[in-house]
Amino acid sequence: MKYKILSIFAIVFIFTCCNRYIDHFKIEGYWRIIKADDSFKGTVICISKKKDAYVGTIYKKNDNRYVKLLVDSNDVLFTSIYKLSKVQYKFVKTKIGAKLLSDYGLSTEQEYSAMTDNADTLKLIRKDNYTHTPDIILVRYKQTL
């Protein structure tokens, strides 16, 4: 009887500690893109809350020539970021040259699902990626806005 009560307390303690860590995860702040399959590698974005969803704007551009040509500072890179669960998010990213792509009737957005690896890492996986390897990895650049 004593061991059953101790095991129940241990299980409750473990779950409360895990939930406390996840609840304190803050997506708001500055994030650096360290892995990307397109030309945004090295770009720093600022994620902030706008109305019901989070929005990721470009804070600092990288040296890629297409980014310099087609993207301005303070452009919105992630148009909407929604929290699906305690550790999962849905990101909608605009493509480079979205205005030009829309003139030709092409898709201008890409949808990603994101998982928190730890308090300072987000891994984004495209919806059509069946290998489950992250397409984009974001690492926290600065905590404060």
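Conventions used here
Residues numbered from 1 in each chain as written. Predicted model: local features only at pLDDT ≥ 70, side-chain atom pairs only at ≥ 80, totals over all residues. Heavy atoms only, no water. Helix = DSSP H or I, 4+ residues; strand = E, 2+ residues; numbered from the N terminus. Buried < 20%, exposed > 50% of the residue type's maximum accessible area, 1.4 Å probe, protein only. Contact = heavy atoms within 4.5 Å. Areas by Shrake-Rupley, 256 points an atom, 1.4 Å probe, with all protein chains shown as cover. Core = buried A, V, L, I, M, F, W, Y, C linked by side-chain atoms within 4.5 Å. Pairing = 2+ DSSP bridges.

Caption draft 1: Seen up close, the overall build of the chain. When you go through the chain residue by residue, the secondary structure sums to three helices and eight strands. Scanning the chain from its N terminus toward the C terminus, one meets helices and strands in the order α-β-β-β-α-β-β-α-β-β-β. Looking at the 145 residues of the chain, the share that counts as buried comes to 34%. Long-range pairs, those at least 24 residues apart, make up 41% of the contacts in the chain with a sequence separation of at least 6. By element, 57% of the accessible surface of the chain is carried by carbon and sulfur atoms, the whole surface being about 9500 Å².

Caption draft 2: A look at the nonpolar core. Core analysis: the largest hydrophobic core is formed by 22 residues, its most contacted members being F91, L124 and L138. Mapped by element, the contributors of at least two residues to this core are β1 (29-35), β2 (44-50), β3 (53-60), β4 (76-83), β5 (88-94), β6 (109-118), β7 (121-126) and β8 (136-142). Ranked by the residues each element gives to this core, the list is headed by β4, at three residues.

Caption draft 3: Up close: the pairing of β3. Of all eight residues in β3, six are buried, a share of seventy percent or more. The hairpin formed by β2 and β3 contains two residues between the paired strands, and K51 there has a positive phi angle of roughly 55 degrees. Alignment of β3 against β4, held across three bridges, turns out to be antiparallel. Bridge pairing in β4 places G56 opposite F78.

Caption draft 4: Quick peek at the side chain of T57. Residue position: T57 is located in strand β3. Aside from chain neighbours lying at most four places away, what touches T57 is V44, I45, C46, N74, D75, V76 and L77.

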